[in-house]
Amino acid sequence: MQRRFIMVVLILLLCLSAGGMARSAYAEDAQGAPVVVINIKGEIDGGQTALVHRALEDAKAKNARAVLVEIDTFGGLVDAATAIRDMIGDSSLETICYVKNRAWSAGALIALSNKKIAIAPGGSIGAAEPIPATEKTVAALKAEFAATANKFGRNPLVAEAMVDKSLGFPGYAAPGQILALTDYQAVKVGYADLVAANRNEVLAHYGLAGYPVLEYSQGWTEKLAGWLSNPTVRAGLISLIFLAIFTEIKTAGLGAAAFIGFAAALLLFGSGWITGLDSWVEILLFISGAVLIVLEVHAPGTGIFGLGGILCIFASFFLTLGGDVAALNMLAASLLVAVIIFALILKKLPSSRLWARLVLKNAETTTDGFVSGQDYQPYLGRTGVARTLLRPAGVVEVDGVQLDVVSEGRFIVAGTIVKVVAVSGQRIVVRPVDDTK
């Protein structure tokens with residue numbers, strides 16, 4: 001089992017590495033530094049983020065003359081778009097965006113993060129109202145758009161109107177209408193440098209005609225990263241990891257649950273590694289948590305290892321999901337699903353030593369001689385001696401047994417002969433013998 005597990009892990013890592021080394025449709029020309037072209041088409045997700053990360057890393061390594069980002073998208077995930085915006089906006093290379101048909105919503109933010117913008121005839125850019133359009137999401141995305149536009153010398157009011165329809169922009173969108181610019185409108189307001197019919201015209205306009213082109217589009221690794229970045233898929237993987245942890249604690253090292261959990265974790269963290277968004281912190285936290293849980297399973301102690309391991313794993317999930325309120329909600333939902341599934345299969349799993357320590361299995365039944373509390377009814381009517389001052393509670397000895405009792409409200413000195421006059425559950429009431437005559 002261990003050998004097969006190690007072989008599968010190595011194969012997965014080699015596949016990811018091989019996918020990451022897949023480069024482009026064109027070989028680099030030996031005549032000089034290339035122009036790197038990145039094709040962003042379809043929904044903006046983790047796959048597009050991985051593509052841009054890979055292409056920009058290569059462009060930097062190859063001292064590219066420029067990076068041309070060709071966009072045709074209706075939009076997508078905001079977190080993926082902001083990650084791409086940061087990568088392009090922070091790049092020291094000359095970046096040019098060519099809007100081939102449309103750059104709407106998240107695509108508009110990516111377009112604005114480039115130093116230069118060109119647009120195709122009939123193209124459009126804008127229409128970036130978030131869904132859901134709450135006050136918080138609108139304000140946050142509006143700030144992202146305005147800051148990005150302002151960074152590259154574009155009118156931030158135009159960018160804000162693309163997000164917040166209550167603003168409008170005179171001559172282009174009335175208040176209550178979301179702003180989207182056509183090709184000629186984008187040029188007029190300074191959101192495009194030119195209208196170009198094709199890539200060659202764009203390259204010629206910026207003095208890049210004749211340079212070798214190195215083109216990047218999504219490979220299987222980026223498509224895998226895009227699929228894994230889907231919130232539903234990520235929540236499912238986390239549920240699977242939680243379920244594997246519960247099962248491993250219950251069965252104590254049968255191995256199958258650990259293998260499934262590790263494979264799910266590899267997919268979860270592997271998507272962040274492909275996109276370049278996750279750091280080693282998340283992975284190290286998860287590995288540390290897994291090691292601590294293994295220590296607790298095979299060498300049970302006070303539970304500190306187990307608790308520390310669970311906290312480390314929770315922290316790794318929280319960070320890899322974004323470290324915000326949405327991450328907490330996804331964690332809670334994933335944990336709930338895992339608990340429900342685990343409860344359904346619980347009876348079919350063998351138990352481990354650790355599980356026996358965590359779960360109370362013995363019952364104190366009446367057949368075994370256990371009762372919920374001692375029955376004091378047999379003492380009713382009997383007499384005894386007060387061993388302490390009753391004020392009104394104290395200790396009375398009856399037939400050689402010391403009992404905690406109370407008087408009827410008066411003080412009774414030690415040594416007084418008393419009689420049990422009432423018993424109610426654990427409460428024993430006494431009265432001096434002289435008063436009972």
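Treat the numbers as computed from the prediction; the structure is a model and nothing was measured. For every chain, the first residue of the written sequence is number 1, and numbering continues from 1 onward in sequence order. Reporting of local features is limited, given that this is a predicted model, to residues whose pLDDT is at least 70; pairs of side-chain atoms are given and counted only at 80 or more, and all residues count toward the totals for whole chains, interfaces and linings. Note that water and hydrogens are dropped before the side-chain values are worked out from all heavy atoms of the structure.

A. Inspection of the overall build of the protein at higher detail. Starting at the N terminus, helices and strands are each numbered in turn, a helix being any DSSP run of H or I of at least four residues and a strand any DSSP run of E of at least two. A count of helical and extended segments in the protein gives 16 helices and 13 strands. The contact criterion used throughout is that any non-hydrogen atoms of two residues lie within 4.5 Å. Taking all contacts inside the protein whose residues are at least 6 apart in sequence as the whole, residues at least 24 apart take part in 63%. We get accessible surface area from the Shrake-Rupley algorithm with a probe of 1.4 Å; when it comes to residues, only the shown protein chains can shield them. Approximately 22700 Å² of the protein is accessible, and the part contributed by carbon and sulfur atoms is 61%.

B. Examining unusual backbone geometry more closely. Between isoleucine 131 and proline 132 the backbone carries a cis peptide bond, its omega angle lying at 0°. Within the element layout of this structure, proline 132 appears in the loop between strand 5 (124–126) and helix 5 (135–151). Proline 392 follows arginine 391 through a cis peptide bond whose omega is -10°. If you trace the backbone, proline 392 turns up in the loop between strand 9 (383–386) and strand 10 (393–398).

C. Spatial organisation of the confidence of the model for the protein. Across the protein, the average pLDDT comes to 81, with 81% of residues at or above 70. The pLDDT value tells you how sure the predictor is about a given residue, anywhere from 0 up to 100. Ranking the elements of the protein by mean pLDDT puts helix 1 (residues 2–21) last, at 43, and strand 4 (residues 116–119) first, at 97. For residues 1–30, every residue scores under 50 in pLDDT, and the model assigns this stretch 34 contacts once sequence neighbours within four places are set aside.

D. Helix 6 (residues 156–163), seen in detail. Those residues of helix 6 that sit buried are Val158, Ala159, Ala161, Met162 and Val163. The inward-facing, buried residues of helix 6 abut helix 4 (106–112), strand 5, helix 5 and strand 6 (180–182). Among the residues of helix 6, the N-terminal cap falls to asparagine 155, whose side-chain oxygen and the backbone nitrogen of leucine 157 are separated by 3.0 Å. When accessible area is computed with a 1.4 Å probe and restricted to protein chains, residues below 20% of their type maximum are described as buried, those above 50% as exposed, and intermediate ones as partly exposed. N or O atoms within 3.5 Å of each other form a polar contact, as long as, within protein, one can give a hydrogen and the other can take it, and as long as residues adjacent in sequence are counted only when both atoms are side-chain atoms.

E. Focus on the pattern of salt bridges. In the sections that follow, a salt bridge refers to a side-chain nitrogen of Lys or Arg positioned within 4 Å of a carboxyl oxygen of Asp or Glu. Evaluated as defined, the whole model comprises twelve salt bridges. Of the charged contacts in the structure, one is a salt bridge between glutamate 70 and arginine 199, with a shortest N-O distance of 2.8 Å. Of this pair, glutamate 70 sits in strand 2 (residues 66–73) while arginine 199 sits in helix 8 (residues 199–205), placing them 129 residues apart in sequence. Across the salt bridge formed by glutamate 144 and arginine 85, the nearest N and O atoms sit 2.9 Å from each other. Of this pair, glutamate 144 sits in helix 5 while arginine 85 sits in helix 3 (residues 78–89), placing them 59 residues apart in sequence. A network of salt bridges, in which partner residues are shared, links Glu70, Lys100, Arg199 and Glu215.

F. Inspection of the packing of aromatic side chains at higher detail. For this analysis, a ring pair means two rings from Phe, Tyr or Trp (six-membered ring only for Trp) whose centres lie within 6.5 Å, classed as stacked if their planes differ by under 30 degrees, edge-to-face if by over 60, and tilted for the remaining angles. With the rule as written, the count across this model stands at six aromatic pairs. Measuring from centroid to centroid gives 5.9 Å for phenylalanine 286 and phenylalanine 317, while their planes differ by 35°, and the two rings are tilted. One end of the pair, phenylalanine 286, is in helix 12 (residues 280–298); the other, phenylalanine 317, is in helix 13 (residues 304–320), and 31 residues separate them in sequence. In terms of burial, phenylalanine 286 and phenylalanine 317 fall into one category: buried. Taken together, the ring pairs connect Phe242, Phe286, Phe314 and Phe317 into an aromatic cluster. In this scheme, the term charge over a ring applies when either NZ of a lysine or CZ of an arginine sits within 6 Å of the ring centre and within 35 degrees of the ring normal. Directly above the ring of tryptophan 104 sits arginine 102, whose terminal nitrogen or CZ lies 5.9 Å from the centroid. Here the guanidinium or amino end of arginine 382 rests over the ring plane of tyrosine 379, the centre of that ring lying 5.7 Å away.

G. Representation of the pairing of strand 10 within the structure. For two strands to count as paired, DSSP must find a minimum of two bridges between them. Looking at chain direction, strand 9 and strand 10 are connected through two bridges and run antiparallel. When the sheet's bridge partners are listed, alanine 386 is paired in strand 10 with valine 396. Adjacent in sequence and paired antiparallel, strand 9 and strand 10 are bridged by six residues. Note that strand 10 and strand 11 (residues 401–407) share six bridges and pair antiparallel. Residue glycine 394 lies in a different strand from strand 11, and its bridge partner there is valine 405. The antiparallel pairing of strand 10 with strand 11 creates a hairpin that spans two residues between the two strands, and aspartate 399 there sits at a positive phi of about 55°.

H. Structural detail: helix 3. Taking 1.5 Å as the rise per residue, helix 3 with twelve residues should run 16 Å; its terminal C-alpha atoms sit 16 Å apart, in good agreement. Among the twelve residues of helix 3, nine are classified as buried, and the element is accordingly described as predominantly covered. Along helix 3, the residues classified as buried are Ala80, Ala81, Thr82, Ala83, Ile84, Arg85, Met87, Ile88 and Gly89. The inward-facing, buried residues of helix 3 abut helix 2 (46–61), strand 2, strand 3 (95–104), helix 4 and helix 5. An expected span of 1.5 Å times one less than the residue number is assigned to each helix.

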